[in-house]
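Chain by chain, the residues:
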Amino acid sequence: MAEPSETASHLILSASTLDRDALRRSDDGLLPGLLADARTLVLHLRGERMPVDAPEEQIRLRYRAPSSSDDPARCSYLGMVRGAPVVALFDEPEPEPADAGTTDPDDLQRQRAREHRSLRALAPVLSVDDLGVATTAVAMANWIVTQRFCSRCGAPVALGHSGWVMRCAEGHSHFPRTDPAVIMSVTDPDDRLLLAQGARFVVPTGMSVLAGFLEPGESLEAAVRREVLEEVGLPVDEVRYVDNQPWPMPASLMVGFAARTSSTELRLEDDEIRHAQWFTRGELDAALASGELTVPPRLSIARHLIERWYGAVLPPQPGDVR
């Protein structure tokens, strides 16, 4: 049996040159000082969408200089990029429908025509410098919008620690959370790949590898075995770590694995999985070419795991459209 190839699309959201400069966050005067410094780059978000400049040669995040109206209580210091400090300013969403996690190519094109754009639409075309800022800014925006009250006493909370801690009047502190999730390619004794369609998939032809969140007290490898057994009824014989990727939509770290099973009989969890199927490489080629099947876009670690098994970069998919 051939070993899976490492030839695959790279993990876009893992690319970053952002220096988080975390040791300075405890300085209470840091944000006011940065917002008084013309050298500071301010990224003014609307909800989780970011402003962009779109010259033909390269789409970039659009930063501006600080303004006297910028409120430190609505900001986070993200760190340093190209020698300049970057502050994210969080504002209310634009009065438009939410992106709702779409991979529909027509909707992604509409997103790319907006002044403020989602990370899903921007990630494939941003520079590495901008990617680290964008991924962190969106993660913080999604955390801040969910943290209005203290979970211990119910009192309102406010940003502190340069925008990295929420505190209430009683002094309780709440930190940005990241929820670890496992995502895994599953192969059988004939090296076929298992792809499944989740019950909540909105693209009729869409299929992906399996994934799920960790439970309390559970290791990553145990979560892989549990999720595969629960969702498709397969016992897992071998689990190998592959890679990981932040997924700040809203707050996950996706930890990728390759799993092997000696069984092929599928027993689907109806509430989670609508359809699942084994594929040889030739069958995957044919299904993609006919349009019968689409797989996740290059933005995702799911695509990386599929291409690692496949041994090459797959033809462009709808969500890859730029």
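Residues numbered from 1 in each chain as written. Predicted model: local features only at pLDDT ≥ 70, side-chain atom pairs only at ≥ 80, totals over all residues. Heavy atoms only, no water.

Asks: Help me out: how do you make sense of the overall build of the protein chain in this one?
Replies: Assigned secondary structure in the protein chain consists of seven helices and 15 strands. Relative to its full complement of 322 residues, the protein chain shows a buried share of 51%. Contacts spanning at least 24 positions in sequence make up 66% of the contacts within the protein chain whose residues lie at least 6 apart. If you sum the accessible surface of the protein chain, you get close to 15100 Å²; carbon and sulfur atoms cover 52% of it. (Helix = DSSP H or I, 4+ residues; strand = E, 2+ residues; numbered from the N terminus. Buried < 20%, exposed > 50% of the residue type's maximum accessible area, 1.4 Å probe, protein only. Contact = heavy atoms within 4.5 Å. Areas by Shrake-Rupley, 256 points an atom, 1.4 Å probe, with all protein chains shown as cover.)

Asks: Would you mind showing me how to read helix α7 (residues 301–310) here?
Replies: Residues three or four positions apart in an α-helix share a direction because the helix packs 3.6 residues into each turn. Most of α7 is tucked away: ten of the ten residues are buried. Turning to α7, its buried residues are Ile 301, Ala 302, Arg 303, His 304, Leu 305, Ile 306, Glu 307, Arg 308, Trp 309 and Tyr 310. The elements touched by buried residues of α7 are β10 (179–187), β11 (193–198), β13 (238–247), β14 (252–260), β15 (273–279) and α6 (281–290). Of the residues flanking the end of α7, it is Gly 311, one or two places downstream, whose phi is positive at about 95°.

Asks: Quick question: what am I supposed to make of the nonpolar core here?
Replies: Buried together is how nonpolar side chains tend to be arranged in soluble globular proteins. Ranked by internal contacts, the top residues of the largest apolar core, which has 63 residues, are Met 50, Leu 61, Val 133, Leu 195, Leu 284 and Leu 293. If near-sequence neighbours (up to four positions away) are discounted, Val 133 is found in contact with Leu 18, Leu 43, Leu 61, Tyr 63, Leu 78, Val 81 and Val 86. Counting 19 residues, the second largest nonpolar core, distinct from the first, contains Val 186, Ala 223, Val 232 and Ala 259. (Core = buried A, V, L, I, M, F, W, Y, C linked by side-chain atoms within 4.5 Å.)

Asks: What exactly am I supposed to notice about the side chain of Ser 252 here?
Replies: For Ser 252, the position within the fold is in strand β14. Residue Ser 252 is classed as buried on the basis of its relative accessible area, which comes to 10%. With sequence-adjacent residues up to four places away left out, Ser 252 is seen in contact with Thr 178, Asp 179, Phe 213, Gln 245, Pro 246 and Trp 247.

Asks: How should the packing of aromatic side chains be read in this particular structure?
Replies: For any pair of aromatic rings, geometry is given as the distance between the ring centres together with the angle between the planes. Taken as a whole and assessed by the stated rule, the structure comprises two aromatic pairs. Pairing Tyr 241 with Phe 257 gives two aromatic rings, centres 5.9 Å apart and planes at 75°, and the pair type is edge-to-face. Residue Tyr 241 is found in strand β13, and its partner Phe 257 is found in strand β14; the two are separated by 16 residues along the sequence. Among the residues examined, Tyr 241 registers a relative accessible area of 47% and is labelled partly exposed. Between Trp 309 and Tyr 310, the aromatic rings sit 6.5 Å apart at their centres with planes inclined by 50°, giving tilted as the arrangement. The ring of Trp 164 is capped by Arg 25, whose NZ or CZ atom sits 3.6 Å from the centre of that ring. (Phe/Tyr/Trp six-rings, centres within 6.5 Å; stacked < 30°, edge-to-face > 60°. Lys NZ or Arg CZ within 6 Å of the ring centre and 35° of its normal.)

Asks: Where do I start with the environment of Cys 75 in this structure?
Replies: Here Cys 75 shows up in strand β4 (residues 75–81). In sequence terms Cys 75 and Trp 164 are 89 residues apart; their C-alpha atoms lie 9.2 Å from each other. Once residues lying within four places of it in the same chain are set aside, the contact partners of Cys 75 are Leu 31, Leu 35, Val 87, Ala 88, Leu 89, Phe 90, Leu 159, Ser 162 and Gly 163.

Asks: Got a minute to help me understand the sheet that holds strand β9 (residues 173–174) in this structure?
Replies: Working definition: the strands of a sheet are paired by backbone hydrogen bonds and lie parallel or antiparallel to each other. Strand order across the open sheet formed by three strands is β7-β8-β9, with antiparallel pairing between neighbours. Here the strands that pair on one side only, and so sit at the sheet edges, are β7 (157–160) and β9. Bridge analysis of strand β8 (residues 165–168) against β9 gives two bridges, and the strand direction is antiparallel. Across the sheet, residue Met 166 finds its bridge partner in β9, namely His 174. Sheet contacts for helix α4 (residues 128–144): β7, β8 and β9; angle to β8, the most-contacted strand, approximately 20°. (Pairing = 2+ DSSP bridges. Axes fitted to C-alpha atoms, helices over the stretch in contact; angles between N-to-C directions.)

Asks: It is not clear to me how the packing of α6 against α7 should be interpreted in this structure. Could you clarify?
Replies: When two helices pack together, their arrangement is given by the angle between their axes and by how far apart the axes lie. Axis separation between α6 and α7 bottoms out at 10 Å; the angle between their running directions is 125°. Judged on the interaxial angle alone, α7 and α6 are oblique. For the pair α6 and α7, the crossing hand works out as left-handed. Packed against α6, whose contacting residues are Arg 281, Leu 284 and Asp 285, the element α7 presents Ile 306, Trp 309 and Tyr 310 at the interface. (Parallel < 35°, antiparallel > 145°, perpendicular 65-115°, else oblique. Left-handed = near helix turned anticlockwise from the far one by under 90°.)

Asks: What is the right way to read the pattern of salt bridges from this model?
Replies: If the charged atoms of two oppositely charged side chains come close together, the side chains can form a pair. In the structure shown here, the tally under the stated rule is 17 salt bridges. Across the pair Arg 24 and Asp 21 runs a salt bridge whose closest N-O atoms are separated by 2.8 Å. Two residues, Arg 177 and Asp 179, come together in a salt bridge whose shortest N-O distance is 2.5 Å. Where salt bridges share partners, they join Glu 215, Glu 218, Arg 226, Glu 227 and Glu 230 into one cluster. (Salt bridge = Lys/Arg side-chain N within 4 Å of Asp/Glu carboxyl O.)

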